[in-house]
Amino acid sequence: MLTFIGLGLYDEASITVEGKKALSEADRAFAEFYTSHLVGASVEDLEAYHDIDIEVRNRAGVEQGPDEILDAAEDEHVAFLTAGDTMISTTHVDLRLRAEERGIETRLVHGVTAQSAASGLTGLQNYRFGKAVTLPFPFVHGGDPVPKSVVDSLEANREHGLHTLVYLDIKVEWEGRRGVEIDDDEYMTADYAAELFAEHWDPDALGVAVCRAGSPNPVVAADRLEALAERDFGDPLHMLIIPGEVHHVEADALMALGGAPETLFDDY
């Protein structure tokens, strides 16, 4: 059997009770942390908490060379761990399909997602979100600071009154760039993302920074993008939301939970 387990959003204790039980029943555990990280826990923390050795695979080890995982799952109960929810990436779907093709039974144990946490923390209603986007570091793609594809998706959502969740880039072993670096990994910050949107899209647009969702002390801040660009939101992980049409209850939530100035909603 191959059981895919979502670890939740922050640390070793973010896993669900069901997920913890499933992991305790596994003979062997693999994990990938290139699509996202648990910034509140190391692999050693996870191993100690769950009393199991965890074999971390890089992108190539999951996408191009998954045979070790699949071979093990043919004879043993194998757990495959990811931050957040499982199946959130096409990488994970592909691995599950490969297992099914080999006649390996698969099971999913879901974890909390960044999107559901962003909705819950801000008071923006989940059903009012449109297509999510990822904002990459400009040095990665060498094109416009805010790619046209990101702007097109954002504006299409806004035309329909929908909110846009912006996932912020994570890069491994890039040094000397703007962001927060942890163990040579770099995480784009919400203030930097707001600055990019303010300078290359619309400085007066409403933005909502969501920082360290799932941690004991998450931060929500709502203001114009140019104002958010001047803030320091501390440690990762960060997300940014660009709201579309804001319902009056959502506006009340952003003022109460995110400190948004009341005058912000004159245009919404």
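Just so you know, these numbers come straight off a predicted model, no measurement behind them.

Calculation notes
- Residues numbered from 1 in each chain as written.
- Predicted model: local features only at pLDDT ≥ 70, side-chain atom pairs only at ≥ 80, totals over all residues.
- Heavy atoms only, no water.
- Salt bridge = Lys/Arg side-chain N within 4 Å of Asp/Glu carboxyl O.
- Helix = DSSP H or I, 4+ residues; strand = E, 2+ residues; numbered from the N terminus.
- Buried < 20%, exposed > 50% of the residue type's maximum accessible area, 1.4 Å probe, protein only.
- Pairing = 2+ DSSP bridges.
- Arc of directions from axis to C-beta.
- Contact = heavy atoms within 4.5 Å.

Trainee: Would you explain the pattern of salt bridges in this entry?
Mentor: Charged atoms that come close allow side chains of opposite charge to pair. Enumeration over the complete set of coordinates arrives at 12 salt bridges. Of the charged contacts in the structure, one is a salt bridge between R28 and E68, with a shortest N-O distance of 2.8 Å. Within this pair, whereas R28 is found in strand β2 (residues 28-31), its partner E68 is found in helix α4 (residues 67-75), the two being separated by 40 residues in sequence. In this structure E68 comes out as partly exposed when scored by relative accessible area, which is 34%. With a closest N to O distance of 2.5 Å, D71 and R102 form a salt bridge. Of the two residues, D71 sits in helix α4 while R102 sits in the loop between α5 (90-101) and β5 (106-109), which places them 31 residues apart along the sequence.

Trainee: What should I look at first to understand the pairing of strand β7 (residues 164-168) in this one?
Mentor: Successive residues of a regular strand alternate their side chains across the two faces of the sheet. Of all 5 residues that make up β7, 4 are buried, and the element is covered over most of its length. In this sheet, β7 lies alongside strand β6 (residues 133-135) in parallel orientation, the contact comprising 3 bridges. Across the sheet, the residue bridging to V133 is V166, located in β7. The sheet contact formed by β7 and strand β13 (residues 238-242) spans 4 bridges and is antiparallel. If you follow V166 over to β13, its bridge partner there is L240.

Trainee: In this structure, what is going on with helix α11 (residues 248-258)? I would like to understand it.
Mentor: Within an α-helix, residues lying three or four positions from one another point in the same direction, as the helix has 3.6 residues per turn. Within α11 the residues assigned to the buried category are E250, A251, A253, L254 and G258. In an axial view of α11, the angular spread of the buried residues amounts to 160°, which keeps them on one side of the axis. Summarising the geometry of α11, the exposed residues directed more than 90 degrees from the buried face are H248 and A256. Residues of α11 that are buried sit in contact with α6 (114-122), β11 (206-211) and β12 (219-224). A positive backbone phi angle near 65° is found at G259, which sits one or two residues after α11.

Trainee: Looking at this model, I keep getting lost on α6. Mind explaining?
Mentor: Within α6, burial applies to A117, A118, S119 and T122. One or two positions beyond α6, positive phi appears at G123, with a value near 85°.

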